[in-house]
Amino acid sequence: MKNAMKLITPVFGEEERQMVCQCLASGWVTQGPFVQRFEELFAARHEVPHALACTSCTTALHLAAMALDIGPGDDVLVPAFTWITTANVVEYVGARPVFVDVDPATFNIDPQKAALAVTPQTKAMIPVHLFGLAAQMNELLALAQQHGLHVIGDAACAVGTEYDGINVAALGDAACYSFHPRKAITTGEGGMVTTRHTALADRVAVLRNHGASTRPPTDSGKPWAMGEFDDLGYNFRMCDIQAAVGIPQMERLDGLLAERAALARRYDTLLARIEEILTPTVPALCGHTYQSYVIRVRSDNKALRNALMAALEAEGIQTRPGTHAVHRLGYYKNKYSLRSEDFPLAALCEDTSIALPMFHGMREEDQQAVCRCLEKQLVRAIS
(Lines give C-alpha, C1' and ligand atoms only; values in the text may rest on other atoms or scores of the structure.)
Protein backbone atom coordinates (compact mmCIF):
# COMPACT_ATOMS: atom_id res chain seq x y z
CA MET A 1 0.00 0.00 0.00
CA LYS A 2 1.51 3.33 -1.05
CA ASN A 3 2.05 6.05 1.54
CA ALA A 4 1.12 3.76 4.44
CA MET A 5 3.82 5.59 6.42
CA LYS A 6 3.11 9.30 6.10
CA LEU A 7 5.72 12.02 6.24
CA ILE A 8 3.98 13.60 9.23
CA THR A 9 0.62 13.32 10.94
CA PRO A 10 -0.96 16.15 12.97
CA VAL A 11 -1.58 15.39 16.65
CA PHE A 12 -5.13 16.07 17.81
CA GLY A 13 -6.88 14.80 20.92
CA GLU A 14 -9.91 15.26 23.12
CA GLU A 15 -8.52 18.58 24.37
CA GLU A 16 -8.78 20.12 20.90
CA ARG A 17 -12.32 18.83 20.44
CA GLN A 18 -13.46 20.23 23.78
CA MET A 19 -11.80 23.60 23.18
CA VAL A 20 -13.39 23.96 19.73
CA CYS A 21 -16.78 23.05 21.23
CA GLN A 22 -16.29 25.76 23.88
CA CYS A 23 -15.50 28.24 21.15
CA LEU A 24 -18.56 27.32 19.10
CA ALA A 25 -20.80 27.40 22.18
CA SER A 26 -19.54 30.88 23.07
CA GLY A 27 -20.88 32.28 19.81
CA TRP A 28 -17.65 34.28 19.33
CA VAL A 29 -15.70 32.64 16.53
CA THR A 30 -13.84 35.56 14.96
CA GLN A 31 -10.72 37.10 16.48
CA GLY A 32 -11.56 37.18 20.17
CA PRO A 33 -10.69 35.59 23.54
CA PHE A 34 -9.39 32.29 22.15
CA VAL A 35 -6.97 34.10 19.82
CA GLN A 36 -5.86 36.28 22.71
CA ARG A 37 -5.18 33.22 24.88
CA PHE A 38 -3.27 31.49 22.07
CA GLU A 39 -1.14 34.60 21.57
CA GLU A 40 -0.43 34.83 25.30
CA LEU A 41 0.67 31.19 25.46
CA PHE A 42 2.88 31.56 22.40
CA ALA A 43 4.51 34.76 23.67
CA ALA A 44 5.18 33.27 27.11
CA ARG A 45 6.70 30.05 25.72
CA HIS A 46 8.87 31.97 23.26
CA GLU A 47 9.90 34.63 25.80
CA VAL A 48 8.75 37.68 23.85
CA PRO A 49 6.36 40.45 24.92
CA HIS A 50 4.35 40.43 21.69
CA ALA A 51 2.84 37.61 19.60
CA LEU A 52 0.20 38.44 16.97
CA ALA A 53 -1.76 35.64 15.33
CA CYS A 54 -2.69 35.78 11.65
CA THR A 55 -3.81 33.54 8.82
CA SER A 56 -0.46 31.98 7.80
CA CYS A 57 3.28 32.42 7.97
CA THR A 58 3.02 34.00 4.52
CA THR A 59 0.79 36.75 5.86
CA ALA A 60 2.96 37.02 8.98
CA LEU A 61 6.01 37.73 6.81
CA HIS A 62 3.97 40.12 4.66
CA LEU A 63 2.80 42.01 7.74
CA ALA A 64 6.32 42.24 9.15
CA ALA A 65 7.71 43.56 5.86
CA MET A 66 4.95 46.19 5.59
CA ALA A 67 5.32 47.21 9.22
CA LEU A 68 9.03 47.85 8.63
CA ASP A 69 8.24 50.00 5.56
CA ILE A 70 10.07 47.73 3.13
CA GLY A 71 8.96 48.59 -0.39
CA PRO A 72 9.88 49.71 -3.92
CA GLY A 73 13.57 50.44 -4.38
CA ASP A 74 14.60 48.16 -1.51
CA ASP A 75 16.58 44.92 -1.78
CA VAL A 76 16.01 42.10 0.70
CA LEU A 77 18.42 39.20 1.17
CA VAL A 78 16.75 35.78 1.16
CA PRO A 79 18.26 32.29 1.00
CA ALA A 80 18.12 30.60 -2.39
CA PHE A 81 17.02 27.32 -0.74
CA THR A 82 13.70 27.86 1.03
CA TRP A 83 9.97 27.63 0.46
CA ILE A 84 8.89 30.13 -2.20
CA THR A 85 6.98 32.26 0.34
CA THR A 86 10.20 33.78 1.70
CA ALA A 87 10.83 35.46 -1.64
CA ASN A 88 7.18 36.04 -2.50
CA VAL A 89 6.54 38.37 0.43
CA VAL A 90 9.36 40.60 -0.77
CA GLU A 91 7.64 40.82 -4.15
CA TYR A 92 4.29 41.52 -2.48
CA VAL A 93 5.60 44.78 -0.99
CA GLY A 94 7.28 45.85 -4.24
CA ALA A 95 10.85 45.21 -3.11
CA ARG A 96 13.42 42.95 -4.82
CA PRO A 97 14.51 39.61 -3.37
CA VAL A 98 18.28 39.13 -3.65
CA PHE A 99 19.11 35.45 -3.39
CA VAL A 100 22.03 34.21 -1.31
CA ASP A 101 23.44 30.71 -1.50
CA VAL A 102 23.29 28.36 1.47
CA ASP A 103 25.58 26.11 3.46
CA PRO A 104 24.67 22.59 2.26
CA ALA A 105 25.62 21.13 5.65
CA THR A 106 22.87 23.11 7.41
CA PHE A 107 20.61 24.16 4.47
CA ASN A 108 20.61 27.69 5.96
CA ILE A 109 21.81 30.99 4.51
CA ASP A 110 25.60 31.38 4.41
CA PRO A 111 26.53 34.54 6.38
CA GLN A 112 29.72 35.10 4.37
CA LYS A 113 27.82 35.00 1.09
CA ALA A 114 25.16 37.28 2.60
CA ALA A 115 27.88 39.84 3.40
CA LEU A 116 28.97 39.82 -0.24
CA ALA A 117 25.40 40.42 -1.43
CA VAL A 118 24.81 43.66 0.54
CA THR A 119 24.54 46.83 -1.58
CA PRO A 120 23.42 50.40 -0.83
CA GLN A 121 19.87 49.29 -1.80
CA THR A 122 19.77 46.47 0.75
CA LYS A 123 17.26 47.28 3.47
CA ALA A 124 16.59 43.93 5.14
CA MET A 125 17.31 40.23 5.28
CA ILE A 126 15.06 37.26 5.93
CA PRO A 127 17.13 34.41 7.39
CA VAL A 128 15.22 31.12 7.43
CA HIS A 129 15.55 28.64 10.29
CA LEU A 130 15.02 25.82 7.85
CA PHE A 131 13.56 22.51 9.02
CA GLY A 132 13.77 23.81 12.62
CA LEU A 133 17.53 24.52 12.69
CA ALA A 134 18.47 28.01 13.84
CA ALA A 135 20.42 30.06 11.31
CA GLN A 136 23.85 31.49 12.27
CA MET A 137 22.31 34.49 13.97
CA ASN A 138 25.39 36.04 15.62
CA GLU A 139 27.04 36.55 12.24
CA LEU A 140 23.80 37.66 10.56
CA LEU A 141 22.84 40.12 13.29
CA ALA A 142 26.36 41.59 13.24
CA LEU A 143 26.05 42.04 9.48
CA ALA A 144 22.66 43.69 9.91
CA GLN A 145 24.00 46.07 12.54
CA GLN A 146 26.99 46.97 10.36
CA HIS A 147 24.75 47.96 7.44
CA GLY A 148 21.62 49.13 9.28
CA LEU A 149 19.45 46.28 7.98
CA HIS A 150 16.15 45.03 9.32
CA VAL A 151 16.02 41.33 10.19
CA ILE A 152 12.83 39.29 9.83
CA GLY A 153 13.27 35.68 10.89
CA ASP A 154 11.37 33.13 8.81
CA ALA A 155 10.69 30.70 11.63
CA ALA A 156 7.94 28.81 9.81
CA CYS A 157 9.58 25.51 10.78
CA ALA A 158 11.06 26.66 14.06
CA VAL A 159 8.45 26.68 16.82
CA GLY A 160 10.47 26.40 20.03
CA THR A 161 13.88 26.73 18.36
CA GLU A 162 16.64 28.57 20.23
CA TYR A 163 19.96 30.10 19.22
CA ASP A 164 22.63 30.42 21.91
CA GLY A 165 19.97 29.92 24.57
CA ILE A 166 17.68 32.64 23.18
CA ASN A 167 14.47 31.80 21.38
CA VAL A 168 14.66 32.85 17.74
CA ALA A 169 11.33 34.63 18.31
CA ALA A 170 13.30 37.32 20.13
CA LEU A 171 16.08 37.78 17.55
CA GLY A 172 15.99 40.54 14.95
CA ASP A 173 13.10 42.92 14.44
CA ALA A 174 10.48 40.17 14.14
CA ALA A 175 10.06 36.43 13.61
CA CYS A 176 7.26 34.70 11.75
CA TYR A 177 5.79 31.24 12.40
CA SER A 178 3.57 28.72 10.62
CA PHE A 179 0.90 26.39 11.98
CA HIS A 180 0.49 24.40 8.76
CA PRO A 181 -0.24 20.68 9.33
CA ARG A 182 3.40 19.76 8.55
CA LYS A 183 4.64 21.84 11.47
CA ALA A 184 5.25 20.63 15.04
CA ILE A 185 1.95 22.18 16.13
CA THR A 186 -0.93 23.09 13.85
CA THR A 187 -4.14 25.07 13.66
CA GLY A 188 -4.85 23.77 10.15
CA GLU A 189 -3.51 26.99 8.69
CA GLY A 190 -2.31 29.98 10.67
CA GLY A 191 0.69 32.10 11.52
CA MET A 192 2.24 34.31 14.17
CA VAL A 193 4.41 37.43 14.25
CA THR A 194 6.62 37.81 17.31
CA THR A 195 8.61 40.89 18.27
CA ARG A 196 10.22 42.61 21.22
CA HIS A 197 9.22 46.04 19.88
CA THR A 198 5.91 47.55 20.97
CA ALA A 199 5.70 50.04 18.08
CA LEU A 200 6.21 47.26 15.54
CA ALA A 201 3.60 45.06 17.25
CA ASP A 202 1.11 47.94 17.18
CA ARG A 203 1.75 48.46 13.48
CA VAL A 204 1.23 44.76 12.72
CA ALA A 205 -2.01 44.80 14.73
CA VAL A 206 -3.35 47.66 12.59
CA LEU A 207 -2.30 46.16 9.26
CA ARG A 208 -3.76 42.70 9.95
CA ASN A 209 -7.16 44.20 10.84
CA HIS A 210 -8.12 46.18 7.70
CA GLY A 211 -5.99 49.13 8.84
CA ALA A 212 -8.22 49.81 11.85
CA SER A 213 -6.50 52.04 14.35
CA THR A 214 -5.78 50.67 17.82
CA ARG A 215 -6.75 54.11 19.16
CA PRO A 216 -10.28 54.49 20.54
CA PRO A 217 -12.59 56.10 17.95
CA THR A 218 -13.54 59.74 18.39
CA ASP A 219 -17.02 58.77 19.58
CA SER A 220 -15.87 55.77 21.58
CA GLY A 221 -18.78 53.98 23.22
CA LYS A 222 -21.39 55.45 20.87
CA PRO A 223 -23.45 53.02 18.77
CA TRP A 224 -22.37 54.75 15.56
CA ALA A 225 -18.63 54.63 16.35
CA MET A 226 -16.80 52.74 13.57
CA GLY A 227 -13.15 53.30 14.47
CA GLU A 228 -10.41 55.08 12.57
CA PHE A 229 -8.95 53.72 9.30
CA ASP A 230 -5.91 55.79 8.40
CA ASP A 231 -3.93 52.92 6.84
CA LEU A 232 -4.55 50.52 3.98
CA GLY A 233 -4.74 47.20 5.79
CA TYR A 234 -5.68 43.60 5.16
CA ASN A 235 -7.94 40.96 6.64
CA PHE A 236 -5.15 38.71 7.93
CA ARG A 237 -6.81 37.85 11.26
CA MET A 238 -6.82 34.37 12.76
CA CYS A 239 -10.26 33.13 13.80
CA ASP A 240 -11.08 31.84 17.27
CA ILE A 241 -11.86 28.33 15.97
CA GLN A 242 -8.26 27.97 14.78
CA ALA A 243 -6.94 29.41 18.02
CA ALA A 244 -9.09 26.96 19.98
CA VAL A 245 -7.14 24.17 18.29
CA GLY A 246 -3.86 26.00 18.93
CA ILE A 247 -4.30 26.38 22.70
CA PRO A 248 -4.02 22.66 23.56
CA GLN A 249 -1.40 22.28 20.83
CA MET A 250 0.75 24.83 22.67
CA GLU A 251 0.15 23.05 25.95
CA ARG A 252 1.68 19.83 24.57
CA LEU A 253 4.45 21.54 22.56
CA ASP A 254 7.35 20.62 24.82
CA GLY A 255 6.41 16.95 24.77
CA LEU A 256 6.11 16.97 20.98
CA LEU A 257 9.50 18.64 20.59
CA ALA A 258 11.12 16.16 22.97
CA GLU A 259 9.68 13.29 20.95
CA ARG A 260 10.98 14.77 17.69
CA ALA A 261 14.45 15.21 19.18
CA ALA A 262 14.46 11.55 20.27
CA LEU A 263 13.36 10.42 16.79
CA ALA A 264 16.14 12.52 15.23
CA ARG A 265 18.76 10.95 17.50
CA ARG A 266 17.54 7.49 16.53
CA TYR A 267 17.72 8.32 12.83
CA ASP A 268 21.25 9.66 13.40
CA THR A 269 22.26 6.33 14.91
CA LEU A 270 20.55 4.14 12.34
CA LEU A 271 21.89 6.09 9.38
CA ALA A 272 25.45 6.45 10.67
CA ARG A 273 26.46 3.16 9.03
CA ILE A 274 25.27 4.28 5.57
CA GLU A 275 28.20 6.17 4.10
CA GLU A 276 26.28 7.63 1.15
CA ILE A 277 23.78 9.40 3.44
CA LEU A 278 24.55 12.75 5.10
CA THR A 279 22.50 13.33 8.26
CA PRO A 280 21.60 16.80 9.63
CA THR A 281 24.44 18.95 10.93
CA VAL A 282 23.80 21.08 14.03
CA PRO A 283 26.49 23.77 14.52
CA ALA A 284 27.45 25.10 17.94
CA LEU A 285 24.90 27.53 19.41
CA CYS A 286 22.21 26.44 16.92
CA GLY A 287 19.16 24.70 18.33
CA HIS A 288 17.19 22.25 16.18
CA THR A 289 13.56 21.26 16.73
CA TYR A 290 13.33 18.93 13.69
CA GLN A 291 10.17 20.08 11.98
CA SER A 292 11.60 17.83 9.30
CA TYR A 293 14.43 15.32 9.33
CA VAL A 294 16.19 16.02 6.04
CA ILE A 295 19.09 13.95 4.73
CA ARG A 296 21.24 14.40 1.64
CA VAL A 297 22.78 11.97 -0.80
CA ARG A 298 26.53 12.48 -0.43
CA SER A 299 27.27 12.45 -4.15
CA ASP A 300 25.83 15.11 -6.46
CA ASN A 301 23.50 12.55 -7.98
CA LYS A 302 19.88 13.56 -8.48
CA ALA A 303 19.11 10.27 -10.24
CA LEU A 304 20.27 8.33 -7.17
CA ARG A 305 18.21 10.58 -4.87
CA ASN A 306 15.15 9.99 -7.03
CA ALA A 307 15.75 6.24 -7.07
CA LEU A 308 15.89 6.23 -3.26
CA MET A 309 12.62 8.16 -3.04
CA ALA A 310 10.99 5.83 -5.55
CA ALA A 311 12.12 2.77 -3.57
CA LEU A 312 10.70 4.24 -0.36
CA GLU A 313 7.42 5.01 -2.12
CA ALA A 314 7.24 1.42 -3.38
CA GLU A 315 7.45 0.31 0.27
CA GLY A 316 4.62 2.66 1.25
CA ILE A 317 6.94 5.25 2.83
CA GLN A 318 6.18 8.87 2.00
CA THR A 319 9.04 11.34 1.41
CA ARG A 320 9.58 14.77 -0.10
CA PRO A 321 12.59 16.79 -1.32
CA GLY A 322 13.78 19.21 1.34
CA THR A 323 12.35 22.29 -0.39
CA HIS A 324 12.86 24.53 -3.45
CA ALA A 325 15.90 26.17 -4.95
CA VAL A 326 13.75 29.25 -5.48
CA HIS A 327 15.95 30.83 -8.15
CA ARG A 328 15.13 27.87 -10.43
CA LEU A 329 11.36 28.36 -10.20
CA GLY A 330 9.71 29.90 -13.24
CA TYR A 331 8.62 33.25 -11.81
CA TYR A 332 12.03 34.15 -10.36
CA LYS A 333 14.09 32.51 -13.09
CA ASN A 334 12.21 34.45 -15.76
CA LYS A 335 11.85 37.81 -14.00
CA TYR A 336 15.48 38.06 -12.90
CA SER A 337 17.15 35.98 -15.68
CA LEU A 338 18.57 33.54 -13.15
CA ARG A 339 20.41 30.34 -13.97
CA SER A 340 20.62 27.18 -11.90
CA GLU A 341 24.38 27.63 -11.55
CA ASP A 342 23.98 31.11 -10.06
CA PHE A 343 23.37 29.48 -6.67
CA PRO A 344 24.87 26.02 -7.10
CA LEU A 345 24.64 24.89 -3.49
CA ALA A 346 20.94 25.67 -3.29
CA ALA A 347 20.49 23.65 -6.49
CA LEU A 348 22.55 20.82 -4.97
CA CYS A 349 20.35 20.81 -1.86
CA GLU A 350 17.17 20.65 -3.92
CA ASP A 351 18.50 17.79 -6.05
CA THR A 352 19.98 15.62 -3.30
CA SER A 353 17.76 16.17 -0.22
CA ILE A 354 15.10 13.84 1.18
CA ALA A 355 12.74 14.62 4.05
CA LEU A 356 12.12 11.34 5.89
CA PRO A 357 8.96 10.48 7.86
CA MET A 358 8.84 11.89 11.39
CA PHE A 359 5.55 11.85 13.27
CA HIS A 360 4.00 11.49 16.72
CA GLY A 361 3.95 7.86 17.79
CA MET A 362 6.57 6.75 15.27
CA ARG A 363 8.05 3.46 16.45
CA GLU A 364 11.64 2.29 16.33
CA GLU A 365 10.62 -0.41 13.83
CA ASP A 366 9.17 2.30 11.56
CA GLN A 367 12.48 4.10 11.48
CA GLN A 368 14.36 0.85 10.99
CA ALA A 369 12.14 0.09 7.98
CA VAL A 370 12.97 3.47 6.44
CA CYS A 371 16.69 2.96 6.92
CA ARG A 372 16.68 -0.64 5.67
CA CYS A 373 14.95 0.48 2.49
CA LEU A 374 17.52 3.21 1.92
CA GLU A 375 20.40 0.83 2.52
CA LYS A 376 18.93 -1.86 0.27
CA GLN A 377 18.41 0.55 -2.61
CA LEU A 378 21.92 1.98 -2.25
CA VAL A 379 23.45 -1.49 -2.40
CA ARG A 380 21.38 -2.20 -5.51
CA ALA A 381 22.46 1.08 -7.13
CA ILE A 382 26.15 0.51 -6.45
CA SER A 383 26.25 -3.16 -7.49
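Each remark here, short or long, concerns the structure printed above.
So, a few notes on the structure that sits alongside this text. Everything numeric here is computed off the predicted structure, so don't read it as measured data. Within each chain, residues carry numbers counting from 1 in the order of the written sequence. For a predicted model such as this one, the threshold for reporting local features is a pLDDT of at least 70, and the threshold for listing and counting side-chain atom pairs is 80 or more; totals across whole chains, interfaces and linings nevertheless cover every residue. Computation of side-chain values: all heavy atoms of the structure, hydrogens and water removed.

Examining the packing of aromatic side chains
Any pair of Phe, Tyr and Trp rings, taking the six-membered ring for Trp, is counted once the centres come within 6.5 Å. Such a pair is stacked with planes under 30 degrees apart, edge-to-face with planes over 60 apart, and tilted for the rest. Counted under the stated rule, the structure contains 13 aromatic pairs. Ring plane angle 25° and centroid distance 6.3 Å describe the contact between Tyr290 and Tyr293, whose orientation is recorded as stacked. Across the pair, Tyr293 and Tyr290 agree in class, each one buried. Ring pairs connect the aromatic residues Phe99, Tyr331, Tyr332, Tyr336 and Phe343, which therefore count as one cluster. Throughout this description, buried means an accessible area under 20% of the type-specific maximum (1.4 Å probe, protein chains only), exposed means over 50%, and partly exposed covers the range between.

Side note on the packing of helix α1 (residues 14-26) against helix α8 (residues 240-251)
Relative orientation of the contacting elements α1 and α8 amounts to 145°, with a least axis distance of 8 Å. You can see that α1 and α8 cross each other, and the crossing is right-handed. Side by side, α1 and α8 meet where Glu15, Glu16, Met19, Val20, Cys23 and Leu24 of the first sit next to Asp240, Ile241, Ala244, Val245, Ile247, Pro248 and Gln249 of the second. Of the residues in the contact of α1 with α8, the class split is 9 nonpolar, 1 polar and 3 charged. The axes used here are C-alpha line fits, helices contributing only the stretch in contact, and every angle between their N-to-C directions lies in the interval 0 to 180 degrees. Secondary structure elements follow DSSP: runs of H or I of four or more residues count as helices, runs of E of two or more count as strands, with numbering from the N terminus. Handedness of a crossing follows from how the near helix is turned relative to the far one, being left-handed for an anticlockwise turn of less than a right angle and right-handed for a clockwise one. Residue contacts follow a heavy-atom distance rule, with two residues in contact if any of their heavy atoms lie within 4.5 Å. Each residue gets one label: Ala, Val, Leu, Ile, Met, Phe, Trp, Tyr, Cys and Pro are nonpolar, Asp, Glu, Lys and Arg are charged, and the others, such as Gly, are polar.

What about empty space enclosed by the protein?
Within this scheme a cavity is a closed region of a 1 Å grid, computed over the protein atoms alone, that accommodates a 1.4 Å probe without allowing it to escape, whereas a pocket is open but has protein on both sides within 12 Å along at least five of seven lines; lining residues each have an atom within 4 Å of a point. Grid points are joined across faces, edges and corners, and a volume is the space filled by probe spheres set on the points. A complete count under the given rule lists 3 cavities of 30 Å³ or more for this structure. Per-element accounting of the lining of the largest cavity gives the leading share, 4 residues, to helix α9 (residues 253-271). Residues of the lining of the largest cavity, tallied by class, amount to 9 nonpolar, 4 polar and 3 charged. Counted as a void, the second largest cavity has a volume near 70 Å³. What lines the second largest cavity is a set of 13 residues, among which Thr106, Phe107, Phe131, Pro280 and His288 lie closest to the centre. For the lining of the second largest cavity, the class distribution of residues is 9 nonpolar, 4 polar and no charged.

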